[in-house]
Amino acid sequence: MTSASHSLYGVRSQSRLLAVAMAGFLGLFIVGFVGFSPMDVVHNAGHDYRHSMAFPCH
C-alpha cells in the first residue's frame, strides 16, 4: 500500500464519519424540535408522518 492510497482511505473514513455524525445531529434536532414543539401544527404534522410511514408511536 502506498502512502497516497493510505491517505485517500483516511479521507474517506473521516468524511464518512462526519456524514454519519451530521445525520445523527440532524435527526436528533428534528425529533427534538417536532416532538417537543409547543406549536400543535408542527407536532401534529410529525405525528401524522409517523403514522403514514406505519411507525407505531402509541
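No experiment lies behind these values; they were computed from the predicted model shown.

(A) Here's a closer look at the overall build of the chain. The helix and strand tally for the chain stands at 2 helices and 0 strands. In the structure as shown, the chain presents an accessible area of about 5,300 Å², 73% of it carried by carbon and sulfur atoms.

(B) Structural detail: a nonpolar patch on the surface. The grouping of Leu26, Phe29, Ile30, Phe33 and Met39 at the surface amounts to a nonpolar patch, some 520 Å² of accessible area in total. With respect to the helices and strands, Met39 occurs in the loop between α1 (3-35) and α2 (40-52). Residue class for Met39 comes out partly exposed when judged on its relative accessible area of 44%.

Rules of the game
- Residues numbered from 1 in each chain as written.
- Predicted model: local features only at pLDDT ≥ 70, side-chain atom pairs only at ≥ 80, totals over all residues.
- Heavy atoms only, no water.
- Helix = DSSP H or I, 4+ residues; strand = E, 2+ residues; numbered from the N terminus.
- Areas by Shrake-Rupley, 256 points an atom, 1.4 Å probe, with all protein chains shown as cover.
- Patch = residues over 30% accessible without salt bridge, like charges linked within 9 Å, V, L, I, M, F, W, Y side chains within 5 Å.
- Salt bridge = Lys/Arg side-chain N within 4 Å of Asp/Glu carboxyl O.
- Buried < 20%, exposed > 50% of the residue type's maximum accessible area, 1.4 Å probe, protein only.

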